[in-house]
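Chain and residue survey
These are the residues of each chain, in order.
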Amino acid sequence: EGAFDEGVAGRSFRADKKGWIEYGDQFSYERNQAFTVSAWVRLNAEGGSPFGKMEASANTRGWDVEFHGTKPSFHLISQWPANAVHVQGQRDLPVDTFLHLAVTYDGSGKAAGVQMYVNGQPEKTNAVVDTLTETIRTPEPFSIGRRGAAGAPFGGRIDDLRVYSRALP
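These lines cover the structure that appears in this document, whether it is placed above or below. (Residues numbered from 1 in each chain as written. Predicted model: local features only at pLDDT ≥ 70, side-chain atom pairs only at ≥ 80, totals over all residues. Heavy atoms only, no water.)

1. Points about the overall build of the protein chain
How we decide: Only runs of H or I of at least four residues qualify as helices and only runs of E of at least two qualify as strands under DSSP, and these elements are numbered from the N terminus. Only protein chains enter the accessibility calculation, which uses a 1.4 Å probe; a residue is then buried when its area is under 20% of its type maximum, exposed when over 50%, and partly exposed in between.
Counting secondary structure elements, the protein chain contains 0 helices and 14 strands. For the protein chain, the sequential pattern of α-helices and β-strands runs β-β-β-β-β-β-β-β-β-β-β-β-β-β. Summarising its shape, the C-alpha atoms of the protein chain cover approximately 40 × 30 × 25 Å along the three principal directions. Expressed as a percentage of the 169 residues in the protein chain, the buried residues total 49%.

This is how it looks when you write it as structure tokens:
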């Protein structure tokens, strides 16, 4: 399932909560490694995770970007919720239009090390959980259209996904 449709940079992946792409053991970051993820996303009200690398174990170990409704979240998890970082945007983002979301992480292991940008502008965030001290690495495949075996299928479109092994300024 899933299909390709008009996008921003080309054709976008239309997940529709039905399909995903597994990309193997890519982007297996540790909590002390900085990285940046960005993509054009077109939300619908159902939210879900446009991409991530998270296992369906009791720990829910890994990392992801997830929309709780239309509020963006970023998770770094060793064991949920006791050993994790969860940073969430304060506002609901618009649906049915492409917007650019970027999340940078500085490798500090702290919620303060996470920054979100929407259409190039800093987004106000809240630190929901800030207790990470252990590994977030998992062999779970990186997935587009959900966050790995932990599910949370995405109900929108994803285009021009980029991952960088550094925190972009």
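2. Remarks on the nonpolar core
Here is the rule: We define a nonpolar core as any set of buried Ala, Val, Leu, Ile, Met, Phe, Trp, Tyr and Cys residues linked to one another through side-chain atoms lying within 4.5 Å. The criterion used for residue contact is that any of the two residues' heavy atoms lie within 4.5 Å.
Core analysis: the biggest nonpolar cluster contains 31 residues, and Phe 35, Trp 63, Val 65, Phe 67, Phe 74, Leu 76 and Val 103 have the highest contact counts within it. Of all the elements in the fold, those that place two or more residues in this core are β4 (35-42), β6 (62-68), β7 (71-79), β8 (83-89), β9 (98-105) and β10 (114-118). Residues in contact with Phe 67, not counting those within four places in the same chain, are Val 41, Leu 43, Gly 47, Gly 48, Pro 50, Pro 72, Leu 93, Leu 101 and Phe 154.

3. Re the environment of Phe 51
Within the secondary structure layout, Phe 51 lies in strand β5 (residues 48-54). What makes Phe 51 buried here is its relative accessible area of 2%. Through-space distance from the C-alpha of Phe 51 to that of Ser 28 is 13 Å; in sequence the pair is 23 residues apart. With near-sequence residues (within four places) excluded, Phe 51 lies in contact with Val 37, Ala 39, Trp 63, Asp 64, Val 65, Phe 142, Ser 143, Ile 144, Arg 146, Arg 147 and Leu 161.

4. Remarks on the sheet that holds strand β1 (residues 3-6)
Rules: Two strands pair under a simple rule: DSSP has to find at least two bridges between them.
Overall, antiparallel pairing links the 7 strands, which are arranged β1-β2-β14-β4-β9-β10-β11 in an open sheet. Of all the strands in the sheet, the pair left with one neighbour each is β1 and β11 (121-122). The sheet contact formed by β4 and strand β14 (residues 157-164) spans 6 bridges and is antiparallel. Within the sheet, the bridge partner assigned to Trp 40 lies in β14 and is Asp 159.

5. Topic: the sheet that holds β8
The strand order across the open sheet built from 7 strands is β3-β13-β5-β6-β7-β8-β12, with neighbouring strands paired in antiparallel fashion. Edge positions in the open sheet fall to β3 (21-22) and β12 (125-130), since each of these has one partner strand only. As paired elements, β5 and strand β13 (residues 143-144) share 2 bridges and run antiparallel to each other. Bridged to Gly 52 within β13 is Ser 143.

6. Quick look at the packing of aromatic side chains
Condition: Only Phe, Tyr and Trp rings are paired, with Trp represented by its six-membered ring, and only when their centres lie within 6.5 Å; those with planes under 30 degrees apart are stacked, over 60 edge-to-face, the remainder tilted.
Inspection of the entire model under this criterion finds 9 aromatic pairs. Taking the centre distance of 4.8 Å and the plane angle of 85° together, the rings of Phe 27 and Phe 142 count as edge-to-face. Placement of the pair is Phe 27 in the loop between β3 and β4 and Phe 142 in the loop between β12 and β13, with a sequence separation of 115 residues. One aromatic cluster in this structure is built from Tyr 23, Phe 27, Tyr 29, Phe 35, Trp 63, Phe 74, Tyr 105 and Phe 142.

7. Concerning the pattern of salt bridges
One side chain can pair with another of opposite charge once the charged atoms of both are near each other. Rules: When a carboxyl oxygen of Asp or Glu lies within 4 Å of a side-chain nitrogen of Lys or Arg, that pair is called a salt bridge.
For the structure on display, the rule yields 12 salt bridges. For Arg 42, the salt bridge goes to Glu 6, with nearest N and O atoms at 3.6 Å. Of the two residues, Arg 42 sits in strand β4 while Glu 6 sits in strand β1, which places them 36 residues apart along the sequence. Classification of Arg 42 as partly exposed rests on a relative accessible area of 22%. Using a relative accessible area of 41% as the deciding quantity, one classes Glu 6 as partly exposed. The closest approach of N and O atoms between Arg 147 and Asp 64, which form a salt bridge, is 3.1 Å. A residue pair is termed long-range when its members are at least 10 positions apart, and Arg 147 in the loop between β13 and β14 and Asp 64 in strand β6 qualify at 83 residues. Residue Arg 147 shares its accessibility class with Asp 64, and that shared class is buried. Overlapping salt bridges, with partners in common, bring together Asp 5, Glu 6, Arg 14, Asp 16, Arg 42 and Arg 157 in one network.

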